[in-house]
Amino acid sequence: MKYILAIDSFKESLSSAEAESAARKGILSIDADADVVAVDMADGGEGMLDAFRQVAESRIVEADVHDPMMRRIKARYAITDDGTAIIETAKAIGLALLNKEERNPMRATSYGAGELIIHAWEQGCRRFLIGLGGSATSDCGIGMLRALVDKYAPKGNMDDVRQRLQGIEVTIACDVNNPLCGERGAAHVFAPQKGATPQMVDDLERRAVKFAEVSALHHGYDRSNLPGAGAAGGLGYAFMQYLDAEMKSGAEALLQALRFERLIDGADHIITGEGSADRQTLMGKLPSIVLRYGKEQGIPVCLIAGKIADEKALRETGFESVMCINPPTMPLEEALRKEVASRQIETAMAQWTRTLSTQP
């Protein structure tokens, strides 16, 4: 039997490679002769840098930047042989850089993301592939823009920045298609995951609406309703509105670069997954893209997750099986521990493989 592992990271717990290593152990514990092919996955969030380096010759560069609380840290990005900067913004402004007590989207800034762009630009990069997932911020990208202004237009004119960065080509990769504002916007959908109270959500929404209005008046166009504008707390909007960035599905871009359709040719099963699966999984997240590839070639796809909601909708979309690796009584803090998550994935995949072996 040939198995393809295309599992996204389990946020705040396991990287894609770690999750796939555990899944491999589970499968091989039952089917020792299995051909198990693991491919590091990412959809623009955590793990994006390593995932894209699989398909592009590149070198790692380290930059001094600020984290979401404006503390000095070092963040890594890559420069490919053709001069493209591959930037995972979570390396500078990621939620994983903060402990729970520090999470406050009213304070968290995307300034560090701007510093990464500056560093890469100074290295000669003119093309940028930027992953937006996993951020701690909800500042509409204002912090990122401020970093660019501080460096290239100290008088505070963003138009001067655009002139200074003339010729820049930015592609942003993310796994969501939410707009900047409204019930499906950055504040209402994502800010609570970053520590926002209901009052903070209202304040962040008002700030986003005002920023979009002012920006539209200045530019003569409004990109706040474009799919992905709400990504990374509105960082997607800032890139599209101010740097004319092109939005792409991070998962789609990676799978195309990997020529995923060739990798899965002849496979018997594909296993994908993420930390938490629900209806949002079906809105362009990596497992849904993997499922599409599987369906096109008639290969059954199994979905695993640490937490599952809307299981019926997930199954109706076409997943062969939908498996929650954790019992419902397990506390979240326990489930997020690396050793626990790895063990649960290994156990779940062993049980799944055993079930396959008993089928006629």
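That block above? That's the structure.
Residues numbered from 1 in each chain as written. Predicted model: local features only at pLDDT ≥ 70, side-chain atom pairs only at ≥ 80, totals over all residues. Heavy atoms only, no water.

Peer 1: What am I meant to see in the packing of aromatic side chains here?
Peer 2: Each aromatic ring pair is described using two quantities: the centre-to-centre distance and the angle formed by the ring planes. This model, assessed by the stated rule, comprises four aromatic pairs. Look at Phe-211 and Tyr-242: their rings are 5.9 Å apart centre to centre, the planes differ by 10 degrees, and that puts the pair in the stacked class. In this pair, Phe-211 is assigned in helix H8 (residues 198-219) and Tyr-242 in helix H9 (residues 235-243), connecting sequence segments 31 residues apart. The same class applies to Phe-211 and to Tyr-242, which are both buried. Arranged with centres 5.5 Å apart and planes meeting at 85 degrees, the rings of Phe-260 and Tyr-293 form a pair that is edge-to-face. Placement of the pair is Phe-260 in helix H11 (residues 260-263) and Tyr-293 in helix H12 (residues 286-296), with a sequence separation of 33 residues. Exposure remark for Phe-260: the relative accessible area of 0% places this residue in the buried category. Aromatic ring contacts, followed pair by pair, group Phe-211, Tyr-237 and Tyr-242 into a single cluster. (Phe/Tyr/Trp six-rings, centres within 6.5 Å; stacked < 30°, edge-to-face > 60°. Helix = DSSP H or I, 4+ residues; strand = E, 2+ residues; numbered from the N terminus. Buried < 20%, exposed > 50% of the residue type's maximum accessible area, 1.4 Å probe, protein only.)

Peer 1: In this structure, what is going on with the sheet that holds strand E6 (residues 127-131)? I would like to understand it.
Peer 2: Hydrogen bonding along the main chain pairs the strands of a sheet, whether they run parallel or antiparallel. The mixed open sheet is built from six strands, whose spatial order is E3-E4-E5-E6-E7-E8. Each edge of the open sheet carries a strand with a single partner, namely strand E3 (58-66) and strand E8 (246-249). Between one strand axis and the next, the sheet turns through 25 degrees on average, direction left out of account. Of the strand pairs in this sheet, strand E5 (residues 84-88) and E6 are connected by five bridges, and their pairing is parallel. The residue of E6 that forms the bridge with Glu-88 is Gly-131. Lying on the sheet, helix H4 (residues 111-122) is in contact with E3, strand E4 (72-80), E5 and E6; it crosses E3 at an angle near 135 degrees. (Pairing = 2+ DSSP bridges. Axes fitted to C-alpha atoms, helices over the stretch in contact; angles between N-to-C directions. Contact = heavy atoms within 4.5 Å.)

Peer 1: I tried to follow the layout of surface pockets on my own but got confused; where do I start?
Peer 2: Any space left empty among the atoms is revealed by the rolling of a water-sized probe across them. Here the largest pocket defines a volume of roughly 1300 Å³. Surrounding the largest pocket, 46 residues form its lining, Lys-11, Glu-12, Gln-193, Gly-275 and Ser-276 being those nearest its centre. Put simply, the parts of the chain that give the lining of the largest pocket at least two residues each are strand E9 (269-277), strand E10 (301-308) and helix H14 (332-335). By residue class, the composition of the lining of the largest pocket is 20 nonpolar, 13 polar and 13 charged. Of the volumes computed, that of the second largest pocket is approximately 360 Å³. Taken together, 20 residues make up the lining of the second largest pocket; nearest its centre are Thr-84, Phe-128, Leu-129, Thr-171 and Lys-248. Of all the secondary structure elements, the ones that give two or more residues to the lining of the second largest pocket are E5, E6, strand E7 (169-174), E8 and helix H10 (250-258). (1 Å grid on protein atoms, 1.4 Å probe; cavity = no way out; pocket = protein on both sides within 12 Å on 5 of 7 lines; lining within 4 Å. Points joined across faces, edges and corners; volume = space filled by probe spheres on them. Nonpolar A, V, L, I, M, F, W, Y, C, P; charged D, E, K, R; others polar.)

Peer 1: Can you help me understand empty space enclosed by the protein in this one?
Peer 2: Under the definition given, this model contains one cavity of 30 Å³ or more. Around the largest cavity sit Ser-138, Cys-140, Ala-186, Ala-187, Leu-204, Ala-208 and Gly-233, which together line it. At the level of secondary structure, the elements contributing two or more residues to the lining of the largest cavity comprise helix H7 (186-190) and H8.

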